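Okay, here's what each chain looks like letter by letter:
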Amino acid sequence: MEEVIRCVKKKEMEALVNWFDEKHSDFYKIGWAYLRRHHDIEDVFQTTILKVYDHINQLREPQYFETWVTSIFINECKRLYRKRKKEFDQDVEPIGASHQDHTKMELLDRLEQLEEPYKEVIILKYINDFSQEDIADLLEIPLGTVKSRVYRGLKRLRKQLQKGEVV
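Just so you know, these numbers come straight off a predicted model, no measurement behind them. Residue indices follow the written sequence of each chain, beginning from 1 at its first position. Restriction of local features to residues with pLDDT of at least 70 applies here, the model being predicted, together with a cutoff of 80 or more for giving and counting side-chain atom pairs; totals for whole chains, interfaces and linings are based on all residues. Side-chain descriptors were evaluated using all non-hydrogen atoms of the structure, hydrogens and water having been removed beforehand.

Caption draft 1: View of the overall build of the chain. Going along the chain from the N terminus, every DSSP run of H or I of four or more residues is numbered as a helix, and every run of E of two or more is numbered as a strand. Within the chain, the secondary structure is distributed over 8 helices and 0 strands. Listing every helix and strand of the chain by position from the N terminus yields α-α-α-α-α-α-α-α. The buried label applies to any residue whose accessible area, calculated with a 1.4 Å probe on protein chains only, is under 20% of its type's maximum; exposed applies above 50%, and partly exposed to all values in between. Across the 167 residues of the chain, 42% fall into the buried class. What makes two residues a contact is simply this: any of their non-hydrogen atoms within 4.5 Å. Sequence separation of 24 or more characterises 67% of the internal contacts of the chain that already satisfy a separation of 6 or more. When the accessible surface of the chain is totalled, it reaches about 10,000 Å², and 48% of it is carbon and sulfur. To measure how exposed things are, a 1.4 Å probe is used in the Shrake-Rupley method; for residues, cover is taken only from the protein chains shown.

The structure is reproduced here in structure tokens:
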């Protein structure tokens, strides 16, 4: 990790691109949860790489590099989502998707309807497997706030499921 940071500070883009290639699937899951469009996610990757490259000197603690990059990536996903909200197609689904994939897509659609604070922590915790402590660090909010948002978000999602809104 420190080697990547050192290389980026020396303006060696290749080290950063290689690091992103290693982390691609983790970031892709986050991007898919927000955007559900492959080309939008790729746009966010490019924008995030450039922002990290340009602003690497703003990183205060090298041990939080991944958290810092993830925060930038999430903010870029949110920015693009807001920008493209009018165009957003709720029916995006991979061709030949299995029943399980279809169910996941419907669940993501319901998750999409939650208010932003609840949606965000649930995505990070259950889709991206972040711990609640990591989420608190990433979003710069107290751990108690993360816990209450997870609880309330799941409660609201459960109400939607009980109404039979998701297969």
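Caption draft 2: Quick peek at the environment of arginine 149. Structurally, arginine 149 can be placed in helix α8 (residues 143–162). When the C-alpha positions of arginine 149 and isoleucine 122 are compared, they lie 8.2 Å apart, and in sequence the two are 27 residues distant. Setting aside residues no more than four positions away along its own chain, arginine 149 makes contact with Pro117, Tyr118, Val121 and Ile141.

Caption draft 3: Local environment of the side chain of threonine 48. Secondary-structure assignment places threonine 48 in helix α3 (residues 38–55). Threonine 48 sits in the buried class, given a relative accessible area of 0%. Identification of polar contacts relies on pairs of N or O atoms within 3.5 Å, with a donor-acceptor requirement for protein atoms, meaning one able to donate a hydrogen and the other able to accept it, and with residues adjacent in sequence counted only if both atoms are side-chain atoms. Within the structure, threonine 48 has its side chain in polar contact with the backbone oxygen of valine 44 (distance 2.7 Å). Beyond its immediate chain neighbours, meaning those up to four positions away, threonine 48 contacts Phe20, Val69, Ile72, Phe73 and Glu76.

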